[in-house]
Amino acid sequence: MTGIPKTADTAEDATVLMHRIAGHQDRQAFEVLFAHFAPRVKAYMLKLGTADALADELAQETLLTVWRKAEQFDRAKASPSTWIFTIARNLRIDAFRKISRPELDPNDPALVPDPEEAQDDRMNRLQRASRVREAIKTLNDEQAEAVRLSFFEDLSHSAIAERLDLPLGTVKSRLRLAFARIRDAIGEDLK
Amino acid sequence: MTIHHHIPEETLLSYAAGDLDDATSLVVAVHLALCPACRDAVDMAADIGGAMLDELAPVSMSDDALAHVLARAEMPLKGEQPVPMTASTAASYVFPEPLRSRIGGDLRSVKWRRIGPGVQQFVLPCADGASQARLLRIAGGQGVPEHGHTGEEFTLVLSGGFSDGRLEFARGDVEWADPDVVHRPIAEEGEGCVCLAVTSAPLQFFDIIGKIAQRIIGI
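Just so we're clear, the structure is a prediction, and the values are computed from it rather than from any experiment.

*Asks:* Honestly, the pairing of strand β5 (residues 153–163) of chain B in this entry has me stumped. Any pointers?
*Replies:* In the case of a regular strand, side chains alternate between the two sheet surfaces. Residue and element names in this part refer to chain B. Counting buried residues along β5, eight of its eleven residues qualify, which places the element largely inside the surrounding structure. Direction of pairing for β5 relative to strand β7 (residues 174–177): antiparallel, over a ladder of four bridges. Along β7, the bridge assignment pairs Phe154 with Trp176. Examined bridge by bridge, β5 and strand β9 (residues 193–199) share seven bridges and lie antiparallel to one another. Among the inter-strand pairings, Glu153 is bridged to a residue of β9, identified as Thr199. Note: β5 against strand β6 (residues 168–170), three bridges, orientation antiparallel. Its bridge partner lying in β6, Ser163 is registered against Glu168. One ladder, built from two bridges, connects β5 with strand β8 (residues 186–187); its direction is antiparallel.

Shown next as structure tokens:
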């Protein structure tokens, strides 16, 4: 082992940091992770219209959750950025609702498990996340805008349609095409 | 169990982005518990969120943010450990999470209310007033009166099955309907059907019985 990564700029380094936090409650690793993600989570909250003080608070809460739930982070299931994004998203929703966001429970005995072959074939999630990242860049402007409005403006399909002055069906088909394009890109020679 | 009717992909994307209202999120999450394929799709959509988070220009945190978080990290957590379910009760759950927690139990604990011949409902508590979620229990061969939609409707089968005249829906399947769809779902003979229905706007009934039921019970 060669010490702690100095930044969390790459998914690989962020993953090493996550494992140090999970396995050793490594504060130094956490500080590096915090320096990368807290300011981005705060930016995410601000983009979604959260006031500055609350955005700061929610970013702190997100990173605190990362610390506390680090042992649940499973490299096989998500890249660190994806995992932290989902924590931030849920905390933001829960901050504004009385009932917490409906999420499946991976330990629920009633959950239908993944088929065995899917578990064996499952590509490394870091690899998938990096393919998704590349695929986003290949979306056309219309698709990219619809995706951006979904993730950063908290808009429903009909609200996006209103914002862009488009029929609802057009918004849905843009999102569907964006989704298909990304899925095709990650599907290449891996399935 | 093979799922034949899924949640539309653009809805899965909005679920991953965090845009759906509470009731619609609930029906998506319950479908995900029963459908590995859609689960995989939502994981991929979350990767989009992760990639976009990384691309954001960082905004300075308050000066003492890290110190605050580290101080709180020291404090032990209380009472957040879920109680594991035993395997013997497991096999018999009709409602997957997060539906059981929302109701506070499984099928047996639902307080049904009769709304018509062979049809009972239970309206679920929701966190916002956007869409409405209800459980429907329909006796074998019975149906909901023919109706159209002013918004979207998702109907997820939890037990038994129904037919809309063209297609069959079984446990885990979702029928999605928008304002273009007029249908009259009929529960399968025998067992009937229990489903979770989420509507974003009131249904439109065409016959007088449906209209009266709507006035009285607010379906």
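*Asks:* Explain helix α9 (residues 168–187) of chain A to me, please; I cannot follow it from the model alone.
*Replies:* Since the α-helix packs 3.6 residues into each turn, any two residues three or four apart lie on the same face. All names here are of chain A. With 20 residues, α9 extends 28 Å between its outermost C-alpha atoms, agreeing within 8% with the 28 Å of an ideal straight helix rising 1.5 Å per residue. Within the sequence span of α9, burial applies to Val171, Lys172, Arg174, Leu175, Ala178, Phe179 and Ile182. An end-on view of α9 places all buried positions within 160 degrees of arc, on one side of the element. Facing away from the buried side of α9 by more than 90 degrees, the exposed set consists of Gly169, Ala180, Asp184 and Gly187.

Rules and cut-offs
- Residues numbered from 1 in each chain as written.
- Chains lettered and ligands numbered in written order.
- Predicted model: local features only at pLDDT ≥ 70, side-chain atom pairs only at ≥ 80, totals over all residues.
- Buried ≥ 20, exposed ≤ 12 C-beta atoms within 10 Å, placed from the backbone.
- Helix = DSSP H or I, 4+ residues; strand = E, 2+ residues; numbered from the N terminus.
- Pairing = 2+ DSSP bridges.
- Expected span 1.5 Å × (residues − 1).
- Arc of directions from axis to C-beta.

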